[in-house]
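What follows is each chain in one-letter form.
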Amino acid sequence: MYSLLFKSFFRTKIFLVSLALLLTVGVISIFIGKQYLVKQEKTIAAAQVYQEESIEKNVAYHSEDLGLLLYYLRFTLIKRPQNINAISIGQSDVNPLLQAVTIRALEAQKYDTDFENPSLLMSGNLDLGFVIIYLFPLVLIAMTFNLYSEEKELGTWRILAAQTSAKAGFLFKKLLVRILFVFVVLVFLLFLASAILQIPMNANFWAIFVQSVLYVLFWSALCLWMVSLLRNSSFNALALISIWVVLTILIPALVNNYVINAYQVPEALDAMVEQRDGYHEKWDLEKDATMTEFIEAYPQYKNYPVPEDEFSWIWYYGMQYMGDFAAKDTSAEMTEKIILRNTVSEKIALFVPTMHAQLSLNSLAGTDMRSHLDFLKSLTEFHKNLRDGFYTKIFDHKSADAVDWKNHEAKFYEQDYSFSWLKLLLPTLLITLIIAVLAGLNLRKL
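Heads up: these notes are all about the structure in this document. (Residues numbered from 1 in each chain as written. Predicted model: local features only at pLDDT ≥ 70, side-chain atom pairs only at ≥ 80, totals over all residues. Heavy atoms only, no water.)

**Quick look at the overall build of the protein**
For the protein, the helix and strand inventory stands at 17 helices and three strands. Computed over C-alpha atoms, the radius of gyration of the protein comes to 29 Å, more than 25% over the 22 Å expected from 2.2 N^0.38 for 446 residues, which places it beyond the range of a compact globule. Over its C-alpha atoms, taken along the principal directions, the protein stretches across nearly 105 × 40 × 35 Å. Out of the 446 residues in the protein, the part that is buried amounts to 45%. Excluding contacts between residues fewer than 6 apart, the proportion of contacts in the protein whose partners are at least 24 apart in sequence is 83%. Surface summary for the protein: the accessible area is close to 22,700 Å², and the carbon and sulfur share equals 61%. The distance from the centre of the 38 positive side-chain charges to the centre of the 43 negative ones in the protein is 20 Å. (Helix = DSSP H or I, 4+ residues; strand = E, 2+ residues; numbered from the N terminus. Rg over C-alpha atoms; globule rule 2.2 N^0.38 Å. Buried < 20%, exposed > 50% of the residue type's maximum accessible area, 1.4 Å probe, protein only. Contact = heavy atoms within 4.5 Å. Areas by Shrake-Rupley, 256 points an atom, 1.4 Å probe, with all protein chains shown as cover. Lys, Arg positive; Asp, Glu negative; His and termini not counted. Charge placed at Lys NZ, Arg CZ, Asp CG, Glu CD.)

Written out as structure tokens, the structure is:
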């Protein structure tokens, strides 16, 4: 039976079109991921070279004044990219993998990023994750929507029904042949991505593998349920396409619109204004207004002189510190709201397999918002260590020779890629089982 069903399927045009479409777009998406990795590697290599050259040039120009030298010098923190990022580029095209900061106020530097083409950002990246989430369901729908209705409309169903008592089993086998074909292409593309992108087969790769298989299984169950309703081809096609639009476009857009409006972030502007005011207004105030609060944070400098009638670096960097201090609470509130937005989206996604798959792939690839917030948190610690390491030398009027600049090459941030298998797989698995049971109950009436 299966050999006949496979031969019959392989002779259809939909098989050839689907095979060509999935392989072509899948391979293109893998090479787009490869291009993304190459671009990131070039950017990181350029940043490392730039930092070395910048230190060398500025030390030559300002070696006698360490305060002035560190006004200009930038120090780079890099989120070490992993090849698995290329499977699901996620938000890493708008959230940079590296930040170069001075020891001046941090808030104004946190959100510096490269210029990107807005039209490209709007359309997103054609990575393998996109192909799995959007294209594979469409192909599955195109191959399965008329499994029963085609036989009925061609008048062959009565003949088939007369030759077998297991009519539901026959439909299930036809569906299984098509699902196996889709799974074979999916597995081939995932292993091809692993080979081309040199992705190690660690837990995160296998989690993406299992999540992708489960996601296609969900759409297979949905198609089987639609076929089990025993409606005509037009109804099945329209209904399945409508479900695809609702699950992949409409609901994610509504959820995004809801979280943006329910958890607005006016703190983004407030933090910037407070940081600027916290620093600039100090120029018009008595120096004690700056130094009193600065000394509370750094009591070890309470005996350092701050002349009223001339410029001093301890006063200048104290003003810079107070800029960040003024925006500290607002910046923390903004981060909490962004985390809340993400949490709400993840909870809703537990009931929407398309959203859950997208968020899961981004999380497993380390390209989601939480990963970026962790990076910004590490950047804050990196910036504090720079300040703490340089302040004493600056305030003691040391020269550039007092610093071992070889220790100040670009630093790398190691990202945490841990995840929960239960949280990853259970939501989609339960929804798939429920739909499959409903389809089975419908087919029992056949």
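Now that the structure is up, let's keep going.
**What to know about the side chain of asparagine 204**
Tracing the backbone shows asparagine 204 in helix 10 (residues 203-228). Here leucine 364 takes part through its backbone oxygen, which lies 3.0 Å from a polar atom of the side chain of asparagine 204. Ignoring anything within four residues of it in the chain, the contact list for asparagine 204 reads Ile84, Leu364, Tyr417 and Phe419. (Polar contact = N/O pair within 3.5 Å; in protein donor to acceptor, adjacent residues only side chain to side chain.)

**With respect to the pattern of salt bridges**
Enumeration according to the criterion identifies six salt bridges in this entry. Between glutamate 151 and lysine 174 there is a salt bridge; the shortest N-O distance is 2.9 Å. Linking glutamate 151 in helix 7 (residues 149-154) with lysine 174 in helix 9 (residues 167-196), this pair joins segments that are 23 residues apart in sequence. This pair shows no difference in class: glutamate 151 is buried, exactly as lysine 174 is. With a closest N to O distance of 3.2 Å, arginine 387 and aspartate 324 form a salt bridge. Here arginine 387 is found in helix 16 (residues 369-395), whereas its partner aspartate 324 is found in helix 14 (residues 313-349), with 63 residues between them in sequence. Summarising the burial analysis for this pair, arginine 387 and aspartate 324 share the class buried. (Salt bridge = Lys/Arg side-chain N within 4 Å of Asp/Glu carboxyl O.)

**So, the packing of aromatic side chains**
What characterises a pair of aromatic rings is the spacing of the ring centres plus the angle enclosed by the ring planes. Under the defined criterion, the tally for this structure stands at 44 aromatic pairs. Taking the centre distance of 6.2 Å and the plane angle of 55 degrees together, the rings of phenylalanine 191 and phenylalanine 205 count as tilted. With phenylalanine 191 in helix 9 and phenylalanine 205 in helix 10, this residue pair connects regions lying 14 residues apart in the sequence. Relative accessible area serves as the criterion here: at 31%, phenylalanine 191 is assigned to the partly exposed category. Between tyrosine 298 and tyrosine 301, the aromatic rings sit 6.0 Å apart at their centres with planes inclined by 35 degrees, giving tilted as the arrangement. Each member of the pair, tyrosine 298 as well as tyrosine 301, carries the same accessibility label: buried. (Phe/Tyr/Trp six-rings, centres within 6.5 Å; stacked < 30°, edge-to-face > 60°.)

**Topic: a negative patch on the surface**
A cluster of like negative charges, contributed by Glu286, Asp288, Glu308, Asp309 and Glu310, occupies part of the molecular surface. If you trace the backbone, glutamate 310 turns up in the loop between helix 13 (287-297) and helix 14. (Patch = residues over 30% accessible without salt bridge, like charges linked within 9 Å, V, L, I, M, F, W, Y side chains within 5 Å.)

**Some thoughts on the side chain of serine 149**
Relative to the elements of secondary structure, serine 149 occurs in helix 7. Serine 149 sits in the buried class, given a relative accessible area of 2%. Of the polar contacts made by the side chain of serine 149, one reaches the side chain of serine 233; its length is 2.7 Å. Among all residues touching serine 149, those that are not within four sequence positions of it are Arg231, Asn232, Ser233 and Asn236.

**Describing the pairing of strand 1 (residues 75-79)**
The element strand 1 is extensively covered by neighbouring structure, given that five of its five residues are classed as buried. Neither face of strand 1 is exposed, since Phe75, Leu77 and Lys79 on one face and Thr76 and Ile78 on the opposite face are all buried. Of the strand pairs in this sheet, strand 1 and strand 2 (residues 98-101) are connected by four bridges, and their pairing is antiparallel. The residue of strand 2 that forms the bridge with leucine 77 is glutamine 99. Sheet topology places strand 1 next to strand 3 (residues 411-413); three bridges connect them, and they run parallel. For isoleucine 78, the partnering residue across the bridge sits in strand 3 and is phenylalanine 412. (Pairing = 2+ DSSP bridges.)

**Section: the nonpolar core**
The tendency in soluble globular proteins is for nonpolar side chains to be buried as a group. Counting 76 residues, the largest nonpolar core has Ile87, Leu128, Phe136, Leu140, Leu197 and Trp219 as the members making the most contacts within it. Top contributing element to this core by residue count: helix 10, with 15 residues. Among all residues touching isoleucine 87, those that are not within four sequence positions of it are Asp127, Leu128, Gly129, Leu197, Ile199, Phe205 and Ile208. Residues Tyr279, Met369, Phe382 and Ala400 belong to the second largest nonpolar core, which totals 40 residues. (Core = buried A, V, L, I, M, F, W, Y, C linked by side-chain atoms within 4.5 Å.)

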